[in-house]
Amino acid sequence: MRRRSVLLPALLGPASWMAATPAHAGGQLEEPLVDSVRTALSSAIANSAPPIPDFPDIDVRLRYLRWLGAMSNRLRRRKVDWTERKEFLQTVWYESRRAGLDTGLVLGLIQVESAFRKFAVSPVGARGYMQVMPFWTRVIGNGDPSVLFHMQTNLRFGCVILRHYIDRERGDLYMALGRYNGSRGRPQYPNAVFAAAKTWEWQEAGPVPASPIPGVPPERVPGG
C-alpha cells in the first residue's frame, strides 16, 4: 500500500479514521544508543508516578478541566465510554507534559499512528496507541513487548521516544517526526501529524500558569 493512501485519511478528517481497521504506521528504526542516553531513557520509562494531575491552585485545575471537557467532546465518537475517554486523555495530558511535548501534537500523532486504538498493530510490528516498536522494550524497558498494549506504558514510551528524537534533531520537529515514523526526510508523515494536530488544538485566554508537573519547567510545557 502506498504511503499516500495510508496518510490521506488523516488529512481528510476524523470521520474517515472511524472506518480504519489495520494500523498502517511506519516504525522507529533501532539505532545504537550511547550509555548515557540509554540510562536517561530507561530512567524516564521506569518512573512509575501515576498520571494523576497535581495542581498548584484552583485556577490551574479549572483550566485543566476545561481542556478535558473540550477534548472529551472531540474524542467522543472514537471512545464512547466516558471513563475510558477520561483516563486516556488524563494520561496523554500527563505523559506529554512530563516529556515536554505539546499535548495536541501527541493527540495528532496518535490519530495518525493508530486512530486511537489501544491494540493496533502495524505490518512492521509497531504496537498500541503510539505505535511503539517492540525493540524499545529490550533497549530501555523490561524486555516484554506485551506491555506496549498497556495504556500508560505505551503513551510513556511514545512520548519519551519522541522527546529523544526531538532532542537528537536539535528541536527540529519536522525531522523528529520523520524519525519517529522511520521516514526521516520525507514530508508525508510530518505533514499528516501537523494536520491532525489541528483537531486537538486548544487555547484559553490568560497567562500561562506554572507547570503542574514537578521537574518540568514551564517553558517545556507548551500550551500552558
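Everything discussed here concerns the structure shown above.
Sequence order sets the numbering: in each chain, residues are counted from 1 along the sequence as written. pLDDT decides what is reported in this predicted model: residues at 70 or higher carry local features, side-chain atom pairs at 80 or more are listed and counted, and totals for whole chains, interfaces and linings draw on all residues regardless. Based on all heavy atoms of the structure, the side-chain values leave hydrogens and waters out of the count.

Enquirer: How should the pattern of salt bridges be read in this particular structure?
Expert: When the charged atoms of two side chains lie near each other, side chains of opposite charge can form a pair. Any carboxyl oxygen of Asp or Glu that lies within 4 Å of a side-chain nitrogen of Lys or Arg is treated as forming a salt bridge with it. Enumeration according to the criterion identifies 7 salt bridges in this entry. If you follow the salt bridges from partner to partner, you end up with Glu95, Arg98 and Arg156 in one network.

Enquirer: In this structure, what is going on with the environment of Ala40? I would like to understand it.
Expert: Under the DSSP-based scheme used, a helix requires at least four consecutive residues in state H or I and a strand at least two consecutive residues in state E, with every element numbered from the N terminus. If you trace the backbone, Ala40 turns up in helix H3 (residues 35-46). On a C-alpha basis, the gap between Ala40 and Val160 in space is 9.9 Å, while along the polypeptide they are 120 residues apart.

Enquirer: Which parts of the structure should I look at to understand the side chain of Thr103?
Expert: Within the secondary structure layout, Thr103 lies in helix H6 (residues 103-114). The contact criterion used throughout is that any non-hydrogen atoms of two residues lie within 4.5 Å. In this structure, Thr103 is in contact with Trp67, Val92, Trp93, Ser96 and Arg97, ignoring residues within four places of it in sequence.

Enquirer: Explain the packing of helix H8 (residues 151-168) against helix H9 (residues 173-181) to me, please; I cannot follow it from the model alone.
Expert: How two helices sit against one another is set out by the angle between their axes and by the gap between those axes. With their axes 8 Å apart at the nearest point, H8 and H9 run at an angle of 130° to one another. Taken as axis vectors, H8 and H9 run oblique relative to one another. As for how H8 packs across H9, the hand of that crossing is right-handed. Taken together, the residues of H9 that come into contact with H8 (itself represented by Gly158, Ile161, Leu162, Tyr165, Ile166 and Arg168) are Leu173, Ala176, Leu177, Arg179 and Tyr180. Here the contact of H8 with H9 is built from residues that sort into 8 nonpolar, 1 polar and 2 charged. Axis geometry follows a simple rule: fit a line to the C-alpha atoms, using only the stretch in contact for helices, then measure angles between N-to-C directions, giving values from 0 to 180 degrees. Note on angle classes: values under 35 degrees are labelled roughly parallel, values over 145 roughly antiparallel, values of 65 to 115 roughly perpendicular, and the remainder oblique. Note: crossing handedness is left-handed where the near helix turns anticlockwise from the far helix by less than a right angle, and right-handed where it turns clockwise. Polarity classes work like this: nonpolar for Ala, Val, Leu, Ile, Met, Phe, Trp, Tyr, Cys and Pro, charged for Asp, Glu, Lys and Arg, and polar for all others, with Gly in that last group.

Enquirer: Got a minute to help me understand the packing of helix H5 (residues 82-98) against H6 in this structure?
Expert: Relative to each other, H5 and H6 sit at 120°, their axes nearing to 9 Å. Judged by the angle between their axes, H5 and H6 are oblique. When you trace H5 past H6, the crossing you get is right-handed. Between H5 and H6, the residues in contact are Phe88, Leu89, Val92, Trp93, Ser96 and Arg97 and Thr103, Val106, Leu107 and Ile110, respectively.

Enquirer: Got a minute to help me understand the packing of aromatic side chains in this structure?
Expert: The geometry of an aromatic ring pair comes down to the distance between the two centres and the angle between the two planes. Here is the rule: rings of Phe, Tyr and Trp (six-membered ring for Trp) pair when centre to centre is within 6.5 Å. Planes less than 30 degrees apart are stacked, more than 60 are edge-to-face, and the remainder are tilted. Counted by the stated rule, this structure contains 11 aromatic pairs. Consider the rings of Phe88 and Tyr129, whose centres lie 4.8 Å apart with planes at 50°: the pair is tilted. One end of the pair, Phe88, is in helix H5; the other, Tyr129, is in the loop between H6 and helix H7 (135-139), with 41 residues separating them in the sequence. Burial classes follow relative accessibility: with a 1.4 Å probe on protein chains only, a residue under 20% of its type's maximum area counts as buried, one over 50% as exposed, and anything between as partly exposed. Judged by relative accessible area, which is 2%, Tyr129 ranks as buried. Taken together, Phe55, Tyr64, Trp67 and Trp93 form an aromatic cluster joined through their ring pairs. Note on geometry: a ring has a charge over it if NZ (lysine) or CZ (arginine) is within 6 Å of the ring centre and within 35 degrees of the ring normal. The lysine or arginine in question, Lys79, covers the ring of Phe88, its NZ or CZ lying 5.1 Å from the ring centre.

Enquirer: Can you walk me through the nonpolar core in this structure?
Expert: A general tendency of soluble globular proteins is for nonpolar side chains to be buried together. Only buried residues count toward a nonpolar core. Its members are Ala, Val, Leu, Ile, Met, Phe, Trp, Tyr and Cys residues joined through side-chain atoms within 4.5 Å. Core analysis: the largest hydrophobic core is formed by 53 residues, its most contacted members being Trp67, Phe88, Leu107, Ile110, Met130, Trp136 and Tyr180. At the level of elements, H3, helix H4 (58-75), H5, H6, H7, H8, H9 and helix H10 (188-197) are the ones that each hand at least two residues to this core. With 9 residues, H8 is the single largest residue contributor to this core. Beyond its immediate stretch of four places on either side in the chain, Met130 contacts Gln28, Val106, Leu109, Ile110, Glu113, Asn154, Leu155, Gly158, Cys159 and Tyr180.

Enquirer: Looking at this structure, how should I read a nonpolar patch on the surface?
Expert: What makes a patch is a set of residues exposed beyond 30% relative accessible area and free of salt bridges, joined within 9 Å when like-charged and within 5 Å when nonpolar (Val, Leu, Ile, Met, Phe, Trp, Tyr). Computed with the Shrake-Rupley method and a 1.4 Å probe, the accessible areas treat only the protein chains shown as cover for residues. A cluster of nonpolar side chains, namely Ile58, Leu62 and Leu65, defines an oily patch on the protein surface of about 250 Å² accessible area. With respect to the helices, strands and loops of the structure, Leu65 is situated in helix H4.

Enquirer: How should I be thinking about unusual backbone geometry in this particular structure?
Expert: Peptide bonds are, in most cases, trans, and in most cases residues other than glycine have a negative phi. Residues other than glycine seldom take positive phi values, yet Ala115 does so here, at roughly 55°. With a phi close to 65°, Phe116 is a non-glycine residue in the positive phi region. Relative to the elements of secondary structure, Phe116 occurs in the loop between H6 and H7. Taking relative accessible area as the criterion, Phe116 reaches 3% and is therefore assigned buried.

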